[in-house]
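Reading the structure
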Amino acid sequence: MDLLVVGSGFFGLTIAERAAAAGKKVVVIDRRSHIGGNAYSQAEPETGIEVHTYGAHLFHTSNETVWEYVNRFTSFTGYVHKVYSNFKGEVYPLPINLGTINQFFRASHGPDAARALIAEQAEEFDTKEAKNLEEKGISLIGRPLYEAFIRDYTSKQWQTPTTELPAEIISRLPVRYTYDNRYFSDKYEGLPVDGYTAWIEKMADHPNIEVRLNTDFFDESQPLNKKDVVGKVPVVYTGPVDRYFDYAEGELGWRTLDFEQEVLPTGDFQGTSVMNYAGADVPYTRIHEFRHFHPERDYPTDKTVIMREFSRFATREDEPYYPVNTPEDRERLLKYRALTDGETGVYFGGRLGTYQYLDMHMAIGSALSMYNNKLEGTL
Ligand code: FDA
């Protein structure tokens, strides 16, 4: 074995694929029973509808290198992501755009008038002096739109009133002064034609790659564990950085999500893939309806799969999804970074290994950079 990769998400698999293509023998371990990390998906057994097990995953990128690379393993559909928000029983398009503004204010403003209206409403607070997320939100888009679409949704995400959340959580709130409600503005966008798992399996399908599932790097009863491997074989580690050091500098904070999946006896529940629920009256943040991600597929016309999403702070036993990133977290992270620098032969990467939210294209892009800049010459 020339390289051990801990974690079979997009970061780990990209490293493994590149090393294997260069003739190196790679073993990939994952403590889960499947590969693919959080991008894993599977067919719901009753309907055959592809469900993204760890939350909806939409691929988008403007990075030419990443786009060329991912197209070696899958082709992409023409899916264009759009999100709607249910506020007090009325449905509005997101991100906030001219359509949202005109529907909300019962108006027919052109771009200039809408811009002037929002600027006037946003005067209540100065962005630079905002003391909490609420003041920052109002300073960016004005109180009416903030209270409708941001306040309760964000409080639900963080289980904390926005008056008690730090202003830094949001840097900007996009408002579009056109009717364009395309969610992403990247050059390339789409979903893998045969699903995420087929894409992921193709990346791992190489005679130089061996995948071992249900294998935890910290389980000393299995042969490829931290104690026995580090210092002997190069390791790319994509698990949580605090766990690697046995939480020596304390735990880094994460938010997690709970999902409630249901098969409903209708061919179409909500007419779109993602509906946000902006108000405090509903405990979940959004509902995904997976059939809408693949309108080109032959799915049953009398059944559909929906997933309600709930957000909360993660405990050590939960799946870590989004870094909380408080000032204490950032201080701890610096201490962990100092520790990683001293760990010879171990390369920390991916969203858990670096404690940062990474979209798929970013995880793949940073893995390609790590391979080219740090591993290629040393393996
Ligand atoms: P990932 O978490 O995928 O993989 C890490 C792997 O390491 C896991 O399989 C884990 O089991 C394994 N591991 C951890 N500890 C281990 C141990 N001790 N021993 C062995 N294995 C261990 N991106 C995007 O582009 N569009 C989108 O729409 C979304 N949507 C989205 C929704 C939600 C809810 C989340 C949380 C994330 C997204 N993403 C996304 C981001 C996407 O999931 C992310 O880019 C990839 O998961 C990053 O891949 P990694 O390999 O870094 O981590």
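Since the model is a prediction, treat every value here as computed from it, not as a measurement. (Residues numbered from 1 in each chain as written. Predicted model: local features only at pLDDT ≥ 70, side-chain atom pairs only at ≥ 80, totals over all residues. Heavy atoms only, no water.)

If you tally the helices and strands in the protein, you get 12 helices and 16 strands. Compactness check: the protein gives a C-alpha radius of gyration of 22 Å against a globular reference of 21 Å for 379 residues, within 12% of the reference. Principal-axis analysis of the C-alpha atoms gives the protein an extent of 65 × 50 × 35 Å. Taking all 379 residues of the protein together, the buried fraction comes to 54%. Considering only intrachain contacts with a sequence separation of at least 6, the fraction spanning at least 24 residues in the protein is 71%. Total accessible area computed for the protein in this model is approximately 17,400 Å², and 48% of it derives from carbon and sulfur atoms. (Helix = DSSP H or I, 4+ residues; strand = E, 2+ residues; numbered from the N terminus. Rg over C-alpha atoms; globule rule 2.2 N^0.38 Å. Buried < 20%, exposed > 50% of the residue type's maximum accessible area, 1.4 Å probe, protein only. Contact = heavy atoms within 4.5 Å. Areas by Shrake-Rupley, 256 points an atom, 1.4 Å probe, with all protein chains shown as cover.)

Residues Leu4, Phe59, Val70, Phe149, Trp199 and Ile364 are the most contacted members of the largest nonpolar core, which totals 78 residues. Here this core gets six residues from one element, more than from any other, and that element is helix α6 (residues 143-158). In this view, Trp199 contacts Phe10, Phe59, Val70, Phe73, Thr74, Phe76, Pro192 and Ile364; residues no more than four positions away in its chain are not counted. (Core = buried A, V, L, I, M, F, W, Y, C linked by side-chain atoms within 4.5 Å.)

Averaged over every residue, the pLDDT of the protein is 96; residues scoring 70 or more account for 100%. Model confidence for the complex is summarised by a pTM of 0.95, with the ipTM given as 0.99. (pLDDT = per-residue confidence, 0-100.)

Where helix α1 (residues 10-21) contacts helix α12 (residues 360-375), the two axes come as close as 8 Å, and the packing angle between them is 40°. Considering their axes alone, α1 and α12 lie oblique with respect to each other. You can see that α1 and α12 cross each other, and the crossing is right-handed. Along the contact surface, α1 presents Phe10, Phe11, Thr14, Ile15, Arg18 and Ala19, while α12 presents Met360, Ala363, Ile364, Ser366, Ala367, Leu368, Met370, Tyr371 and Leu375. Here the residues of the contact of α1 with α12 sort into 12 nonpolar, two polar and one charged. (Axes fitted to C-alpha atoms, helices over the stretch in contact; angles between N-to-C directions. Parallel < 35°, antiparallel > 145°, perpendicular 65-115°, else oblique. Left-handed = near helix turned anticlockwise from the far one by under 90°. Nonpolar A, V, L, I, M, F, W, Y, C, P; charged D, E, K, R; others polar.)

The element helix α5 (residues 133-141) is largely enclosed, with a buried count of eight among its nine residues. Buried within α5 are the following residues: Leu133, Glu134, Glu135, Lys136, Gly137, Ile138, Ser139 and Ile141. Looking at the packing, one finds that the buried side of α5 touches α4 (111-121) and α6. Backbone nitrogen of Glu134 and a side-chain oxygen of the N-cap are separated by 3.1 Å at the start of α5; the cap is Asn132. (Polar contact = N/O pair within 3.5 Å; in protein donor to acceptor, adjacent residues only side chain to side chain.)

Take the sheet that holds strand β9 (residues 209-212) next. The five strands lie next to each other as β9-β2-β1-β10-β16, forming an open sheet whose pairing is parallel. Of all the strands in the sheet, the pair left with one neighbour each is β9 and β16 (346-348). Ignoring which end each strand starts from, the neighbouring axes of this sheet average 20° apart. Strand direction decides the pairing type here: strand β1 (residues 3-6) and strand β10 (residues 235-237), joined by three bridges, are parallel. The residue of β10 that forms the bridge with Val5 is Val236. (Pairing = 2+ DSSP bridges.)

Let's shift gears to the pattern of salt bridges. According to the stated counting rule, one finds 23 salt bridges in the structure shown. Between Glu319 and Arg32 there is a salt bridge, with the nearest N and O atoms lying 2.8 Å from each other. One end of the pair, Glu319, is in the loop between β14 (304-313) and β15 (322-323); the other, Arg32, is in the loop between β2 (26-29) and β3 (41-43), and 287 residues separate them in sequence. For Glu319, a relative accessible area of 29% puts it in the partly exposed group. On the basis of relative accessible area, Arg32 is assigned to the buried category, the value being 14%. For Arg212, the salt bridge goes to Glu210, with nearest N and O atoms at 2.7 Å. The class of Glu210 is partly exposed, set by a relative accessible area of 36%. (Salt bridge = Lys/Arg side-chain N within 4 Å of Asp/Glu carboxyl O.)

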